[in-house]
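Residue strings, one per chain:
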Amino acid sequence: MISERDSETTFDEDSQPNDEVMPYSDDETEDELDSRQPAVEPGQNQINRDAEESQEPLKKDCSWQVKANDQRFYEQPQFKRTVFLCFKKSKYAANAIKTYKYNPITFLPLNLFEQFKRAANFYFLVLLILQSIPQITTLSWYTTLVPLLLVLGITAVKDLVDDIARHRMDNEVNNRTCEVIRDGRFKNTKWKDIKVGDIIRLKKNTFVPADILLLSSSEPNSLCYVETAELDGETNLKFKMALEVTHRYLQEESAMADFNGLIECEEPNNRLDKFAGTLFWRNMSYSLDADKILLRGCKIRNTDFCHGVVIFAGADTKIMKNSGKTRFKRTKIDSLMNYMVYTIFVVLILLSAGLAIGHTYWEQQIGNLSWYLYDAQDFSPPYRGFLNFWGYIIVLNTMVPISLYVSVEVIRLGQSYFINWDLQMYYPEKDTAAKARTTTLNEQLGQIHYIFSDKTGTLTQNIMTFKKCCINGQRYGKHKAIQQVDFSWNMYADGKFSFYDHYLIEQIKSGKEPEIQKFFFLLAICHTVMVDTSDGQLNYQAASPDEGALVTAARNFGYVFLSRTQNTITISEMGIERTYDVLAILDFNSDRKRMSVIVRESGGNIRLYCKGADTVIYERLHPRNLKREATEEALDIFANETLRTLCLCYRDISHDEFEAWNKKFVEASVATTNRDEALDKVYEDIEKNLILLGATAIEDKLQDGVPETISRLSKADIKIWVLTGDKKETAENIGFSCELLTDETTICYGEDTSALLQTRLENQRNRAGSSTHSSLRMNEPFFQGSKDRALIITGSWLNEILLEKKKKKKKLKLKFPRTAEEKKKQTEKRRRAEAYKEQQQKNFVDLACECRAVICCRVTPKQKAMVVELVKKYKKAITLAIGDGANDVNMIKTAHIGVGISGQEGMQAVMSSDYSFGQFRYLQRLLLVHGRWSYIRMCKFLRYFFYKNFAFTLVHIWYSFFNGFSAQTAYEDWFITLYNVLYSSLPVLLVGLLDQDVSDKLSLRFPRLYILGQKDLLFNYKKFFLSLLHGAVTSLIIFFIPYGAYLKTMGQDGEAPSDYQSFAVTAASSLIFVVNFQIGLDTSYWTFVNAFSVFGSIALYFGITFDFHSAGIHVLFPSAFQFTGTAPNALRQPYLWLTMILSIAICLLPVVAQRFLSMTIWPSESDRVSKVLGYFGTCTSSAHSSAWAHSSFVLAEHLTL
C-alpha cells in the first residue's frame, strides 16, 4: 500500500530520447500526458473518483453570459460584484477606457507621492526638514530646496506632458462614434456609451470599438477583412467569418433589433489568438472560436460594413487585458550604482558620527572654557555633538548626488535617439529603422556575453520558395536545366515563381501519375489561405510564409485555389473549375504540428487530406506505406540542403465512419469545459492510418551579412547559441552556412553530452565529502585541449539531460494519512532530487559554455526561455535574445536584453523587445558600436560624477579641523546650491552623450575592443574607490594650498585677504577650474560643444559669483546674499590667482603624468588602435602607405587573438 500510495515523480531513464521528436507541448498538463498512457486504475480508486465527481458541481469554463439587445439581463444579482462593503457593481465593464494616471486634483499629491517613493528624493526631503531646525543646520534651506525642486520639477513636467497626451488620446477614443441599435434603429453613439450586448454596425476603414461576435457582413458568406496592426503590429489582412446561421438570418436592421441570442463564453482574458464560446439561439447551439471574433483595435478593411454583438467592453477587452505592466529590466551598472550610493550613505553616516564625536571632545576641552564662544544655550557637550551629527549630515549631503539619477536618464535618452537616428541600421527594403524601445538598457549592450538567436526569420529571410518535392518516392526539383520551366500555359501562374525540373511538368500534363495530381490537389485544398482579386490577379493572404509558398506552388503547377465560403472551396484543376464541400477543418497549432481538411468530392467520396511535420505524420501512417523509406531518404537529403520540409498524406473515410465521428466533433466544438482538449482527442480519432503522398521542400535563404556578423561577434568573445524548432540536420547545415560551425569544429551531440554529464555527476557524488583537492578537481573542464568545439542538442535530449521530463503521478483522490517518518523521508527524497537536478543543470551549462557555439534544435518556446534562464542563473552572464516571431517572445522577455527583428512573422517579437531593427546584420553595430560607446560613456560619466562630488564635499571635513567641528561650511551657500546644477553639470553630461575613444568603423574593425565591457573593467568598486581617493586628494589640495598661502599674507593695498569669505571664493574658484579641466582631460572626442561647455561653465561661475557678490543684490536680499564685495575684492589680488594656479597645477599635473605613462607603458587596446592609426593616418607616400597597411594588419591580428 505504501509503495502505491507514495508513488513519486519518476523519469523514464530507459527510454532513449528521439532527436526527431519535438518535446511535449509547453501547455501540456499532467492530466493530458497521463491520458496518453494506457494505465489500468484500481477498481476502488475508480469508485472513489466517481463518488467525488458526482458530488462536485460542474465547473464551467464558459461562465461569461451575454444576451443581445437586453440590458435588463445584466441587472440580475448574479452579475453584480461587491466593490466595497455593501456597495455592488456590475461585473460587465463600461466601454470607456482610462489610461491616464492623474486628474487636476490628484496630480500634485499623487505625483509627489510617487517621486518621494524614490530613496534619493525622500532622503533630500528629510534633509530639507532637518535644515528647517535652527539648532541643527548651519546651511541655508535653499541649498537643498533649489536642486530638489529642479529634479522634482523636471520629472513632474515630464509626467504631466505624458499624462496630458494620455488624456487627449482617451478623449479622442472614447468620443469616436459608431452605429448601435437603439429603440429598434441604428443610431450614432459614442464609444463610451456602448455596452455589452449591444448590436453595432461598423463601416470600412473604421476601428472596432469593443470585442464583438461577427454576425454578418456585406461580403459573400459574411467574410470580414481586418487589419490587426494595433494589436500585434501586423499589417497584412486577416479574415473573419460569421456563422452560417447568422449570415443567413441577420442581414436586415429589423432582424438585428429582434436578435435575442445568448452567448456563453470564457471570462475576459489576454489571449489574443484563442476564444471559446457557444451561441444559443432558436433552440440550437453553435460553436464559437477566435475566427468569429473581431477584437477592439482592429480596423475593418475591404468590407463595406459588418454587424456584431458586443461581448467584452472597455477594460475587459483583450487589448486592454494585454496592456499590463511588462517585466522591468535593470542594467548591471544600475545595480552597481545603487550599491555605491548605499556605500556613500554609510560613509556619510560614519564621517558625520566621527566629526560629531570630534565636536563633543572639542566642546569638553576648549568650548566650555572659552567665554567668548558662549551662545546662551546651556547644552551639554554630548548633546551638542548629537546636534552636530545631524548638522554634518546636512553639510555633507552633496556626497549623495541628487542630480545623478536625472543625469543618467538624460544620457540614456540621448543614446536611444542616436540608435534611432543611425542610418546605417536603416533597412530600406521595408522602410524599417532601428528602434530603441527602452531607454534604460543602452550601456548593457556593451557587456553582452551570450547571444541566443532564433533561426527562421532571424538568421534566414523567412521568405519561402518552393524548391523541391518528393512524390510517391520520386524526387523532383533537381537543377539539371539552366532554363526555367515555362508556365505560360497556365493563365493563373505567378510570374515570380521559378522552377527548373521540366520532367515534373511533363508528368503533370500527361496526367498519368494520379499520386502527383493528389499531391498538388492537397496543397491547393488543405490550408487557411484567403484570396482576393484585384486587376484580374489572384492575391493570396496567408497566415504563414510556408503556407503561402505551398499554395503558390500548387497554383503554378495547375491546381489553383480560387475562392472559399464557410462550407465550400473552389479550385481550378488544370483549367477545370470544381467546388468541393468542406466538411471539417482540423486546425494547425504548435502542439499538433499538422493541419487536416475533410472534403466531399464530386463523386460523393469523403477524403481527409493532411499536411504536417514528418515526426507527427509518421506516427499516424498506415503500416503498409510502401514509399515511406524512399520519402524518409528524400527528407534527409532535403534537410542536409537546409530546406524546410513537410509531409503530405491522405485517407478515404466511409460515410458511416464520418457520421459517427462528426457527432463527436460537433459535441466537442460546443463543449463548455476543456474544449481544446476535447477537440484534440476527436482529431486524433480520425487522423490515423494515413497514406503517405510525399514531402515538400521549401528554401529559406540566409539574410545578407549573417556569416560576417557572427564571425565579428565571435571575435568580440560573444558566444552565440541558436535555438530553433527545425530538424537537427537542417539546423546543423545552417550552422555551417552562417559559419557558426567550420570544418575544424568538433561537434558534440546529445548522447555524447549525456555520457559526459553522467560521468561528471558520478564523480561528484563519489567525491562528496572527500578532500579539498578532489573537490577542486570537480571543477575541471569537460574538454581537454583548445579544440574548436560546438554542441548540437535536440529538445528531447535537453529534457532528458536537464531532468525536465513531464511528471507522471498515480492519482488517488482518497489517500491514507502519512506517518511523520514517511513525511520526513518524502521531504528528504524531494530535497535530494532537487539538489541532483540543480547540479545536473549546472554541469550542463558549464559544459555548453566551454563550446564556442551551441545549437539547440527541435526546441519549444518554453525550452528556449529555459535555456536562457539557466545561463543567467549559473553563469551570471549578460544575455541577449534575438528573434522575429511569436514563438520567440518568451525567450526575448527572459534575456537581459531582447531584440526583435521586423520580419515576415508579424510584430509580436518586436513589440515584446527592448530594441528592434530589420536585419540580423545590424546586431553587430548595435553591440560593437552603440553598446560599446554607451558603456564607455556611462562609466566615464559615473566615475567623474563621483569624483567631482567628493572633491567638492570633502573640503568641509578638512575645514572642520579649524572650526571646532562645528558643521560650518567651507563655501558660500549659493555656490553649494548651484555647483551640481550649473557649474559642473554640462561638460560631464556631454561626455556621457558624445564621447568616443575610437570611431565606429574602428569599433567594427577591431571587435576585441568590446571585451573591456564584458569584464566590467571601466566601472566597478575598485574604480569607485579610486574616484573617492582622487576626489579626497583634490579636496586636500583645494583646501590646504589656499590655507598655507593665506597663513601670513598681505595684499597690495596693505590689507590681509585671508578672511573666511575670500578663502571660500579662492577654494571655490580653484575647484571650478580643476573639475572642468579634469573633464577636459577625460574627454576623448573633442567637439565645439564640449569646448564651449567646459569654458562656458567657468565663465558662468564667475558671472554669477560677481552678480551675487554685488552690493545691489545685497540691498534687495540682505539675509540671503552676505558675501558683498568679496569676489571683486579677492579676485583683484594677483597673489590669489597665483594660489589658484598652483592648486590647479598640483591637482592636474600628476593626472597628466599618469595618463602619459599609462598610454606609453601600459596602453589599452583602444590606445594602441588610436596611436597606430593616428600615426599612419597622415602617411601619403607609398612607403608609408605600405607601413600603414602592415601595421594595421599586425594590430588587427593582435586584437583578434
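Residues numbered from 1 in each chain as written. Predicted model: local features only at pLDDT ≥ 70, side-chain atom pairs only at ≥ 80, totals over all residues. Heavy atoms only, no water.

Undergrad: Is there a simple way to explain the overall build of the protein chain in this structure?
TA: A count of helical and extended segments in the protein chain gives 43 helices and 35 strands. Counting all 1201 residues of the protein chain, 52% fall into the buried class. Taken as a whole, the protein chain presents about 56400 Å² of accessible surface, with 56% of it coming from carbon and sulfur. (Helix = DSSP H or I, 4+ residues; strand = E, 2+ residues; numbered from the N terminus. Buried < 20%, exposed > 50% of the residue type's maximum accessible area, 1.4 Å probe, protein only. Areas by Shrake-Rupley, 256 points an atom, 1.4 Å probe, with all protein chains shown as cover.)

Undergrad: Looking at this structure, how should I read helix H41 (residues 1134–1161)?
TA: At 3.6 residues per turn, the α-helix brings residues three or four places apart onto the same side. For H41, which comprises 28 residues, the first-to-last C-alpha distance of 39 Å matches the rise-based estimate of 40 Å (1.5 Å per residue) to within 8%. At Leu1148, H41 is bent by approximately 25 degrees, the largest bend along its length, and proline Pro1150 sits one to four residues beyond. Considering only its buried residues, H41 is in contact with helix H36 (1021–1046), helix H37 (1060–1082) and helix H40 (1126–1130). (Expected span 1.5 Å × (residues − 1). Bend = angle between axes of the 7 residues up to and from the residue. Contact = heavy atoms within 4.5 Å.)

Undergrad: Please clarify how the packing of aromatic side chains should be interpreted in this entry.
TA: Both the distance between ring centres and the angle between the ring planes are used here to describe each pair of aromatic rings. Following the criterion strictly, the structure yields 70 aromatic pairs and no others. With centroids separated by 6.4 Å and ring planes inclined at 70 degrees, the aromatic side chains of Phe275 and Phe312 adopt a geometry described as edge-to-face. Taken together, the residues Phe275 in the loop between strand S10 (262–265) and strand S11 (277–281) and Phe312 in strand S15 (residues 305–312) connect sequence positions 37 residues apart. By the burial criterion, Phe275 is buried, and Phe312 matches it. Considering the side-chain rings of Phe952 and Tyr971, the 5.2 Å spacing of their centres and the 10 degrees angle between planes classify their relative orientation as stacked. Here Phe952 is found in helix H30 (residues 922–953), whereas its partner Tyr971 is found in the loop between helix H31 (955–960) and helix H32 (973–983), with 19 residues between them in sequence. Accessibility assignment for this pair places Phe952 and Tyr971 in one class, buried. One aromatic cluster is present, built from ring pairs that chain together Phe952, Tyr971, Phe975, Tyr979, Tyr983, Phe1073, Phe1077, Phe1095, Tyr1101, Phe1102 and Trp1137. The ring of Trp281 has Arg282 lying over it, and the distance from NZ or CZ to the ring centre is 4.3 Å. Looking at Arg555, its charged tip hangs above the ring of Tyr540, at a distance of 5.3 Å from the centre. (Phe/Tyr/Trp six-rings, centres within 6.5 Å; stacked < 30°, edge-to-face > 60°. Lys NZ or Arg CZ within 6 Å of the ring centre and 35° of its normal.)

Undergrad: I tried to follow the sheet that holds strand S8 (residues 223–227) on my own but got confused; where do I start?
TA: The strands making up a sheet associate through hydrogen bonds between their backbones, and the pairing can be parallel or antiparallel. The three strands are arranged S9-S8-S14 in an open sheet whose pairing can be described as antiparallel. Of all strands in the sheet, those with a lone pairing partner are strand S9 (238–241) and strand S14 (299–301), marking the two edges. In this sheet, adjacent strand axes meet at a mean angle of 45 degrees when their direction is disregarded. Relative to S9, S8 runs antiparallel, the two sharing four bridges. Bridging across to S9, Tyr225 finds its partner in Phe239. (Pairing = 2+ DSSP bridges. Axes fitted to C-alpha atoms, helices over the stretch in contact; angles between N-to-C directions.)

Undergrad: What is the right way to read the packing of H30 against H32 from this model?
TA: Pairs of packed helices are described in terms of their axes, by the angle between the two and the distance that separates them. The geometry of H30 relative to H32 is characterised by a closest axis approach of 11 Å and an angle of 170 degrees between their N-to-C directions. Between H30 and H32, the angle falls in the class roughly antiparallel. Here Lys948, Asn949 and Phe952 of H30 come into contact with H32, specifically with Phe975, Ile976, Tyr979 and Asn980. Taken together, the residues that form the contact of H30 with H32 break down as four nonpolar, two polar and one charged. (Parallel < 35°, antiparallel > 145°, perpendicular 65-115°, else oblique. Nonpolar A, V, L, I, M, F, W, Y, C, P; charged D, E, K, R; others polar.)

Undergrad: Where do I start with the sheet that holds strand S12 (residues 284–288) in this structure?
TA: The four strands are arranged S1-S10-S11-S12 in an open sheet whose pairing can be described as antiparallel. In this open sheet, the two strands that pair with only one neighbour each are strand S1 (64–67) and S12. Adjacent strand axes in the sheet meet at a mean angle of 20 degrees when their direction is disregarded. In this sheet, S10 lies alongside S1 in antiparallel orientation, the contact comprising four bridges. Residue pairing across strands places Lys67 opposite Leu262, the latter belonging to S10.

Undergrad: Looking at this structure, how should I read the environment of Leu213?
TA: With respect to the helices and strands, Leu213 occurs in strand S7 (residues 211–217). With relative accessibility at 1%, the residue Leu213 sits in the buried group. Each C-alpha atom, one on Leu213 and one on Leu288, is 8.6 Å from the other, the two residues being 75 residues apart in sequence. Not counting chain neighbours up to four residues away, the residues in contact with Leu213 comprise Ile263, Leu288, Lys292, Ile293, His307, Gly308, Val309 and Ile311.

Undergrad: Would you mind showing me how to read the confidence of the model for the protein chain here?
TA: As a note on interpretation, predicted positions should not be read in detail where pLDDT is low. In this model, the protein chain carries an average pLDDT of 82, and 86% of its residues clear a pLDDT of 70 or more. Every residue in residues 771–777 scores below 50 in pLDDT, and together they form two contacts with partners more than four places removed in sequence or on other chains. A low-confidence stretch, residues 1175–1201 stays under pLDDT 50, and its non-local contacts, those more than four residues away or across chains, total 26 contacts. (pLDDT = per-residue confidence, 0-100.)

Undergrad: How do you make sense of a nonpolar patch on the surface when you look at a structure like this?
TA: Together, Phe961, Phe962, Leu1036 and Phe1040 make up an exposed nonpolar region whose accessible area comes to about 370 Å². Looking at the element boundaries, Phe961 is found in the loop between H31 and H32. (Patch = residues over 30% accessible without salt bridge, like charges linked within 9 Å, V, L, I, M, F, W, Y side chains within 5 Å. Salt bridge = Lys/Arg side-chain N within 4 Å of Asp/Glu carboxyl O.)

Undergrad: Just checking my understanding: could you explain the side chain of Thr432 for this structure?
TA: Within the secondary structure layout, Thr432 lies in the loop between helix H13 (404–421) and strand S16 (435–436). Taking relative accessible area as the criterion, Thr432 reaches 12% and is therefore assigned buried. Of note is the side chain of Thr432, whose polar atom sits 3.2 Å from the backbone oxygen of Lys430. Leaving out residues up to four positions away in the same chain, Thr432 has contacts with Met425, Tyr426, Tyr427, Ser902, Phe917 and Gly918. (Polar contact = N/O pair within 3.5 Å; in protein donor to acceptor, adjacent residues only side chain to side chain.)

Undergrad: What's the story with unusual backbone geometry in this structure? I'm lost.
TA: Glycine aside, a negative phi is what most residues show, and trans is what most peptide bonds show. Phi is positive for Asp183, which is not a glycine, with a value near 55 degrees. As for its position among the elements, Asp183 is in the loop between strand S4 (177–182) and strand S5 (185–190).

Undergrad: Mind showing me how you'd approach the pattern of salt bridges here?
TA: Taken as a whole and assessed by the stated rule, the structure comprises 48 salt bridges. Residues Glu227 and Arg301 are paired through a salt bridge, measuring 3.5 Å at the closest nitrogen-oxygen approach. Note that Glu227 is positioned in strand S8 and Arg301 in strand S14, a separation of 74 residues in sequence. The exposure class of Glu227 is buried, given its relative accessible area of 17%. Notably, a salt bridge pairs Asp334 with Arg412, separated by 3.1 Å at the nearest N-O pair. Taken together, the residues Asp334 in helix H11 (residues 332–365) and Arg412 in helix H13 connect sequence positions 78 residues apart. Accessibility classification places Asp334 together with Arg412 in one group, the buried group. A single salt-bridge network, built from bridges that share partners, covers Arg592, Arg594, Glu619, Arg620, Glu684 and Glu687.

Undergrad: Can you help me understand a negative patch on the surface in this one?
TA: Taken together, the side chains of Glu429, Asp704, Glu708 and Glu739 define an acidic patch exposed on the protein surface. Mapped onto the elements, Glu708 comes out in helix H21 (residues 706–715). (Lys, Arg positive; Asp, Glu negative; His and termini not counted. Charge placed at Lys NZ, Arg CZ, Asp CG, Glu CD.)

Undergrad: Looking at this model, I keep getting lost on the nonpolar core. Mind explaining?
TA: General note: in soluble globular proteins, nonpolar side chains tend to be found buried as a group. Grouped together as the largest cluster of nonpolar side chains are 104 residues, with contacts concentrated most on Leu404, Phe941, Leu942, Phe946, Tyr971, Phe975 and Leu1071. Counting residues per element, this core draws most heavily on H30, which supplies 13 residues. With sequence-adjacent residues up to four places away left out, Leu942 is seen in contact with Ile333, Met337, Leu404, Val408 and Phe1019. If you look at the next biggest cluster of nonpolar residues, it comprises 53 residues, including Ile200, Val226, Cys298 and Val309. (Core = buried A, V, L, I, M, F, W, Y, C linked by side-chain atoms within 4.5 Å.)

Undergrad: For this particular structure, what's the right way to read the environment of Ile637?
TA: With respect to the helices and strands, Ile637 occurs in helix H18 (residues 628–640). For Ile637, a relative accessible area of 24% translates into the label partly exposed. With 92 residues separating them in the primary sequence, Ile637 and Glu729 have C-alpha atoms 9.2 Å apart.

Undergrad: Would you take a moment to explain the environment of Gly931 for this structure?
TA: Positionally, Gly931 belongs in helix H30. Sequence-wise, Gly931 and Leu445 are 486 residues apart; in three dimensions their C-alpha atoms are separated by 4.1 Å. Not counting residues up to four positions away in its chain, the partners in contact with Gly931 are Asn442, Glu443, Leu445, Gly446 and Leu926.

Undergrad: Please clarify how the packing of helix H33 (residues 986–994) against helix H38 (residues 1088–1108) should be interpreted in this entry.
TA: Running from N to C, H33 and H38 cross one another at 165 degrees; their axes reach a closest spacing of 8 Å. Considering their axes alone, H33 and H38 lie roughly antiparallel with respect to each other. Classified by chirality, the crossing of H38 by H33 is left-handed. Contacts from Leu986, Pro987, Leu990, Val991 and Leu994 in H33 reach Val1089, Asn1090, Ser1093, Val1094 and Ser1097 in H38. For the contact of H33 with H38, the class distribution of residues is seven nonpolar, three polar and no charged. (Left-handed = near helix turned anticlockwise from the far one by under 90°.)

Undergrad: Just to check I follow, could you spell out the side chain of Asp995 for this structure?
TA: In this fold, Asp995 is placed in the loop between H33 and helix H34 (1000–1005). According to the relative accessible area criterion, Asp995 is buried, its value standing at 2%. Within the structure, the side chain of Asp995 is placed 3.0 Å from the backbone nitrogen of Tyr1085, a separation counted as a polar contact. With sequence-adjacent residues up to four places away left out, Asp995 is seen in contact with Arg937, Lys940, Leu990, Asp1082, Thr1083, Ser1084 and Tyr1085.

Undergrad: Can you help me understand H21 in this one?
TA: If you check which residues of H21 are buried, you get Val706, Pro707, Thr709, Ile710 and Leu713. One side of H21 holds all its buried residues, which, seen down the axis, span an arc of 165 degrees. Here the buried face of H21 lies against strand S17 (450–453), strand S29 (719–723), helix H22 (728–737) and H30. Two residues or fewer past H21, Asp717 is found with a positive phi of approximately 65 degrees. (Arc of directions from axis to C-beta.)

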